[in-house]
Amino acid sequence: DTEVTQTPKHLVMGMTNKKSLKCEQHMGHRAMYWYKQKAKKPPELMFVYSYEKLSINESVPSRFSPECPNSSLLNLHLHALQPEDSALYLCASSGRGLTEAFFGQGTRLTVV
Amino acid sequence: AQKVTQAQTEISVVEKEDVTLDCVYETRDTTYYLFWYKQPPSGELVFLIRRNSFDEQNEISGRYSWNFQKSTSSFNFTITASQVVDSAVYFCALSEARYQFYFGTGTSLTVIP
């Protein structure tokens, strides 16, 4: 099972809303990632959790708040977003060592 | 400096033609990994292959083949007898350290029926 599941698939939110993106994997991976992808661009790393601890934060604005409740779940809490934050948000996970990352289908976020 | 260069932004081929997607990388590390991912319109990045820096063997998987040449820092991807379902954006990526994946800018492939 190489599946990473993200919900919701689509999300439209206003600039004053609070919403959360969810990601789940059951591959036993201990590293989980959030990426942001704008149209016609490669994915950009936002956060990495390793063994449920935040390992990398790529200077992401505080209106994005990650959370890793357990080894299978990863959340991204959104608050007071801007229209330029509209993008595809991808979750990924990887196993030990320098192995490939497995990605979910993403959440297409539109901020209005 | 760009660590992974995919010079081909967009490619169009007619179905059943062969097509090669180029990837050139830059690293000073002796240990690193290279990857190819496919991103169809649905959005998911689908893992295709991983190659480590110590393994220069070329690989074939069905209609897909990969040519890794350290001498030219290239890791090219060939699709033989292309099909419409191959239409997607393809990303080459490099990993030098844990959790760090450097993606190229992607090549958008359109296969015309």
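Residues numbered from 1 in each chain as written. Chains lettered and ligands numbered in written order. Predicted model: local features only at pLDDT ≥ 70, side-chain atom pairs only at ≥ 80, totals over all residues. Heavy atoms only, no water.

## Remarks on the interface of chain A and chain B
Let me state the cut-off plainly: Note on contacts: a residue pair qualifies if any of its non-hydrogen atoms lie within 4.5 Å across the two residues. Buried area adds together the accessible area that both of two parts lose upon being put together, with accessible area traced by a 1.4 Å probe. We define a salt bridge as a side-chain nitrogen of Lys or Arg found within 4 Å of a carboxyl oxygen belonging to Asp or Glu. Any pair of nitrogen or oxygen atoms within 3.5 Å is treated as a polar contact; in protein, a donor-acceptor pairing is required on top of that, and neighbouring residues in sequence qualify only through side-chain atoms on both sides. Secondary structure counts use DSSP, requiring at least four H or I residues in a row for a helix and at least two E residues in a row for a strand, with both numbered from the N terminus.
Taken together, the contacts link 25 residues of chain A with 22 residues of chain B. Across the interface of chain A and chain B, roughly 2000 Å² is buried in total on both sides, 58% from carbon and sulfur atoms. Scanning the region where chain A abuts chain B turns up one salt bridge. Two residues, A:Glu100 and B:Arg50, come together in a salt bridge whose shortest N-O distance is 3.0 Å. Across the contact surface, chain A and chain B share five residue pairs in polar contact (both at pLDDT 80 or more). Those elements that place two or more of their residues in the side of chain A that touches chain B are strand 4 (31-37), strand 5 (44-50), strand 6 (53-57), strand 9 (87-94) and strand 10 (101-103) of chain A.

## Structural notes on the pairing of strand 11 (residues 107-111) of chain A
The two faces of a sheet get side chains in turn, since along a regular strand they alternate between them. Residue and element names in this part refer to chain A. In plain terms, the rule: Exposure is judged per residue with a 1.4 Å probe applied to protein chains only, and the accessible area is read against the type maximum: over 50% gives exposed, under 20% gives buried, and values in between give partly exposed. For two strands to be treated as a pair, DSSP must find at least two bridges joining them.
Only one face of strand 11 is covered, namely the face carrying Thr107, Leu109 and Val111; the face carrying Arg108 and Thr110 is uncovered. As defined by bridge partners, strand 2 (residues 10-13) adjoins strand 11 across four bridges and the pair is classed as parallel. From the neighbouring strand, methionine 13 faces strand 11, where its bridge partner is valine 111. Sheet topology note: the strand 9/strand 11 ladder contains three bridges and is antiparallel. Paired with alanine 87 across the strands is leucine 109, a residue of strand 11.

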